[in-house]
Every structure is written in structure tokens, then in C-alpha cells.
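Descriptive analysis of the structure
So you can see what is in the structure, the chains are spelled out below.
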Amino acid sequence: MDIILIVLPIAFVGAIAIFVITRLKAKQKKGTLGKKDTTEAQTLLDSLIPLGMIFGSALGVVVGIIFSISLGNAIVLGSGIGMLVGYFAYEFYSKEESHS
């Protein structure tokens, strides 16, 4: 039972990572990756997924400290959920029109 509790969060985050990577790979093959006019906007767009992972990990640390959840599991789940949120933010921001 302990092995399942250790492997399950890693498998869950692995499934999220495979989903995000396959979606981005398909967008790259189609040539529909998000492009912005300014370098600052493009840098922000390219940084949304890693920023989501960083903030998710930080949130996982806070949740792991407050609740009785293993800190390792909380960080892993936080970064995975942050990756998913960052991907959806990437999708939303790449479709947003530039107002320059």
C-alpha cells in the first residue's frame, strides 16, 4: 500500500506532462504555436508553463506544511497541477489579440 501512495502522484504528474508535451508537439507540427508581436510578450508567453510549475511547487510546499500531507507528494502534485494551469494560461494568452 505504501508503494502505491508513493507511485500514484508521480504517475499522475507523468500523465499531465505527457498530455502537455503531446499537445505542444502537435501545435508545433501544425505551426500554430503562439506568437506575440513584442519580445516581452513572447517571453511571457514562453515562460507561462515553467512559472506555473514554480508557483505550483511553492503552493505544494505551503499545503504540505499546513496539512498532514507528505512534503514530497505535495511538491510533485503542486508542480504537475501548476504545469497544467500554465499550459491552459499559455493557450489562453496565445489566442488573445495584441492591442498595440
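Anyway, here's the lowdown on the structure attached to this text. (Residues numbered from 1 in each chain as written. Predicted model: local features only at pLDDT ≥ 70, side-chain atom pairs only at ≥ 80, totals over all residues. Heavy atoms only, no water.)

1. Some details on the packing of helix α1 (residues 2-30) against helix α3 (residues 71-95)
- Two numbers describe how α1 lies on α3: the axes approach to 9 Å, and their chain directions differ by 20°. Considering their axes alone, α1 and α3 lie roughly parallel with respect to each other. Considering how the two elements wind past one another, α1 and α3 form a crossing that is left-handed.
- Split by residue class, the contact of α1 with α3 holds 18 nonpolar, 2 polar and 3 charged. (Axes fitted to C-alpha atoms, helices over the stretch in contact; angles between N-to-C directions. Helix = DSSP H or I, 4+ residues; strand = E, 2+ residues; numbered from the N terminus. Parallel < 35°, antiparallel > 145°, perpendicular 65-115°, else oblique. Left-handed = near helix turned anticlockwise from the far one by under 90°. Nonpolar A, V, L, I, M, F, W, Y, C, P; charged D, E, K, R; others polar.)

2. Some thoughts on helix α2 (residues 39-66)
- The first and last C-alpha atoms of α2 sit 39 Å apart over 28 residues, in line with the 40 Å expected at 1.5 Å per residue.
- When the local axis directions of α2 are compared, the greatest deviation, roughly 50°, occurs at L48, which is followed within four positions by the proline P50.
- When we look at burial in α2, the residues that qualify are A41, Q42, L45, L48, I49, G52, G56, G60 and G64.
- Residues of α2 that are buried sit in contact with α1 and α3. (Expected span 1.5 Å × (residues − 1). Bend = angle between axes of the 7 residues up to and from the residue. Buried < 20%, exposed > 50% of the residue type's maximum accessible area, 1.4 Å probe, protein only. Contact = heavy atoms within 4.5 Å.)

3. A few points about the environment of Q42
- Locating Q42 in the fold gives a position in helix α2.
- Residue classification places Q42 among the buried positions, given a relative accessible area of 15%.
- Between the C-alpha atoms of Q42 and S94, which are 52 residues apart in sequence, the distance is 9.1 Å.
- Setting aside its immediate chain neighbours within four residues, Q42 contacts G34, K35 and K36.

4. Structural notes on the nonpolar core
- Residues I16, A17, V20, A41, L45, L48, I49, M83, Y87, Y90 and Y93 constitute the largest nonpolar core, which totals 11 residues.
- Sorting the residues of this core by element identifies α1, α2 and α3 as the ones contributing at least two each.
- With residues near it in sequence (within four places) discarded, Y93 still touches K36, A41, L44, L45 and L48. (Core = buried A, V, L, I, M, F, W, Y, C linked by side-chain atoms within 4.5 Å.)

5. Remarks on the side chain of S79
- Relative to the elements of secondary structure, S79 occurs in helix α3.
- Owing to a relative accessible area of 14%, S79 belongs among the buried residues under this scheme.
- When sequence neighbours within four positions are dropped, the list of residues in contact with S79 reads M53, G56 and S57.

Geometric descriptors of this kind do not, in isolation, establish any biological role.
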